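One letter stands for each residue in the lines below.
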Amino acid sequence: MSAQLVVASNRGPLSYEEAPDGSLTARRGAGGLVSALGGALHDRADALWIAAALTPDDRRAAEENEGGIMEAAGYRVRLLDIPELEYDMYYNVMSNRFLWFICHYLWDPAHTPSIGEEERQSWHAYEEVNRRFATAICDNTAEGVAVMIQDYHLGLAPAMIRTQRPDLRVGIFWHIPFPDADYLRLMPDRWSRRLLEGMLGADLIGFHTTRWAGNFIRAVVDVLEEQTTRRLVSHQGRRVRVGHYPVGVDVKSLTAGADPEDVRRQKASITDWLGGRKLILRVDRTELSKNIVRGLRAYERVLEKRPDLHGKVSHLALLTPSRSHVPEYRDYLAECKETGREIAKRFQTDSWEPLRVEVADDFPRTLAAYELYDVLVVNPVFDGMNLVAREGPVLNRNQGILVLSRNAGAWSELSPAALGVNPFDVDGTAEAIEAAIDLPEAERAWMSKGVARLARGRAPARWLERQLRDLPS
Ligand code: GDG
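Residues numbered from 1 in each chain as written. Predicted model: local features only at pLDDT ≥ 70, side-chain atom pairs only at ≥ 80, totals over all residues. Heavy atoms only, no water.

### Digging into the domain arrangement of the chain
The following threshold applies: Note that the domain bounds were set by an automatic or database domain assignment. Here a residue-residue contact requires only that any non-hydrogen atoms of the pair lie within 4.5 Å. In this description, buried area is defined as the sum, over both parts, of the accessible area (probe of 1.4 Å) that is lost when the two are combined. Between Lys or Arg on one side and Asp or Glu on the other, a salt bridge is scored when a side-chain nitrogen of the former is within 4 Å of a carboxyl oxygen of the latter. Here a polar contact is recorded for every N or O atom pair within 3.5 Å, except that within protein the pair must consist of a potential hydrogen donor and a potential acceptor, and residues adjacent in sequence are included only if both atoms are side-chain atoms. By definition, any uninterrupted DSSP run of H or I lasting at least four residues is a helix, any uninterrupted run of E lasting at least two residues is a strand, and each is numbered from the N terminus. Put simply, Ala, Val, Leu, Ile, Met, Phe, Trp, Tyr, Cys and Pro go in the nonpolar bin, Asp, Glu, Lys and Arg in the charged bin, and everything else, Gly too, in the polar bin.
Per the domain assignment, the segments making up the chain are domain 1 (5-247 + 461-470) and domain 2 (253-455). With 27 residues of domain 1 at the contact, the number on the domain 2 side is 26 residues. For the domain 1 and domain 2 pair, buried surface summed over both sides reaches about 2,100 Å², with 61% attributable to carbon and sulfur atoms. On the surface where domain 1 and domain 2 come into contact, there are two salt bridges. Across the salt bridge formed by Arg97 and Glu328, the nearest N and O atoms sit 2.8 Å from each other. If you look at where domain 1 meets domain 2, you find eight residue pairs in polar contact (both at pLDDT 80 or more). Of all the secondary-structure elements, those providing two or more residues to the side of domain 1 that touches domain 2 are strand S3 (24-28), helix H1 (32-41), helix H3 (84-103) and helix H8 (210-224). Here the side of domain 1 that touches domain 2 is built from residues that sort into 11 nonpolar, 12 polar and four charged.

### A few points about the packing of aromatic side chains
Which entries qualify depends on this criterion: What counts as a ring pair is set by centres within 6.5 Å for rings of Phe, Tyr and Trp (its six-membered ring), and what kind of pair is set by the plane angle: stacked under 30 degrees, edge-to-face over 60, tilted for all other angles. Only protein chains enter the area calculation, which uses a 1.4 Å probe; residues under 20% of their type maximum are buried, those over 50% are exposed, and those in between are partly exposed. Charge over a ring is defined by NZ of Lys or CZ of Arg lying within 6 Å of the ring centre and within 35 degrees of the ring normal.
Tallying each qualifying case throughout the model produces 18 aromatic pairs. Centroid distance Trp49 to Tyr75: 6.0 Å. Interplanar angle 25°. Geometry classified as stacked. In this pair, Trp49 sits in strand S4 (residues 47-52) while Tyr75 sits in the loop between strand S5 (69-71) and strand S6 (76-80), placing the two residues 26 residues apart along the sequence. With a relative accessible area of 0%, Trp49 lands in the buried category. These aromatic residues form a ring-pair network of at least three members: Tyr87, Tyr90, Tyr91, Phe98, Phe101, Trp107, Trp123, Tyr126 and Trp191. In this structure, Arg323 is placed above the aromatic ring of Trp100, and the distance from its NZ or CZ to the ring centre is 4.1 Å.

See the structure below:
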């Protein structure tokens, strides 16, 4: 069957690994985009998901299947083989360092970014990989089909597709924040113009919240000097729609990602470790924007101020390894581990482990911890949405309280039933964690029920449908 819906993203839903017997086994791809899109495409036989082959095992999986097409949870997947060096520059230098840092306000403008030869070559690689995706989409897609491009890795692809195939209906969804125009200008002018024009090649541009959509529209006005009317941008004689489409959690596809027996085992292991203490939990990719170190310091402040809580609480930080090819991420992971060790050593006793930082890709353990937490700390510096803030409350069975950064997209919907924090304010975050621990029973019940109800909305399938409905027919 020819695809009626094509989605394209850098990372696909599955990553492959060689088993000891030489066969390939598939496991769930890491990160929030896979959670959102995987939920949306579940059982959509008319859909094709195009992604990059990330590892030699992915390439082998693509080679072993006819036309490079594989089956995932009821939909098809095609992996593109991209030359390794080009991929490295596009992914590790331009996407995950340069653009990610721009969109999450992670540069230090007094010193960085500094554009040198490596960045210039990487921009070129970014253009090339976007072109490869655009060509793969244009070559294999029937007339008039909807093409939904995902995220900042592929910001130039919409305009490239439009040039080759004006018949296709194109959307781009930006899963991360969009910065304000002043910060966007840390990019060379030529690049920021190309990026905005690349995105405006789409018919529809989606963000998780009005905050990021508003920043995008103001950047278009400032940088490109285009006309806008509310949520419509006039660009090259077309009208491009800009909207906000918050994504939520699909419980079925979330829990389908793990064997229930593994989850049960992990629940027993965490319960055993807690020994009746309250669980303060965080779950993140090991990522600078997730603000892990300040979060651990906030917990340290709680223990400093509240000796009465010693031996009564334990903090578990579940960190999934991420982007280890980028030097800043390697350093940050080392800093997270070191901070964790320091805090644990400072307060531990023979019978109490106050803090454990675990670095592993262990989804069953994440699901188990979601069920058990008393307090979930989600304090990113900036975050497009943050799915942990939604998954936790939906799966929690312990009247857990959510402490949430006001700079996470999730805040715009969950704020009525979460404790908000300024992510830069360590003392303020410590106060919120304390407040969450101390909350009287009746309020706990009310808040945990409320946050679960709010977090459950916006199922990924609906999220995608709303965007498809807003594409021109
Ligand atoms: C980007 C945007 C936006 C947890 N442990 C493991 C594991 N997880 C899953 C969680 C969750 C996902 O990872 C993390 O999602 P987030 O949304 O928190 O963060 P990003 O990866 O940065 O996602 C974000 C999202 O896209 C969707 O639009 O919300 O703002 O930055 O689903 O359950 N996954 C695996 N192993 C684990 O141990 N594979």
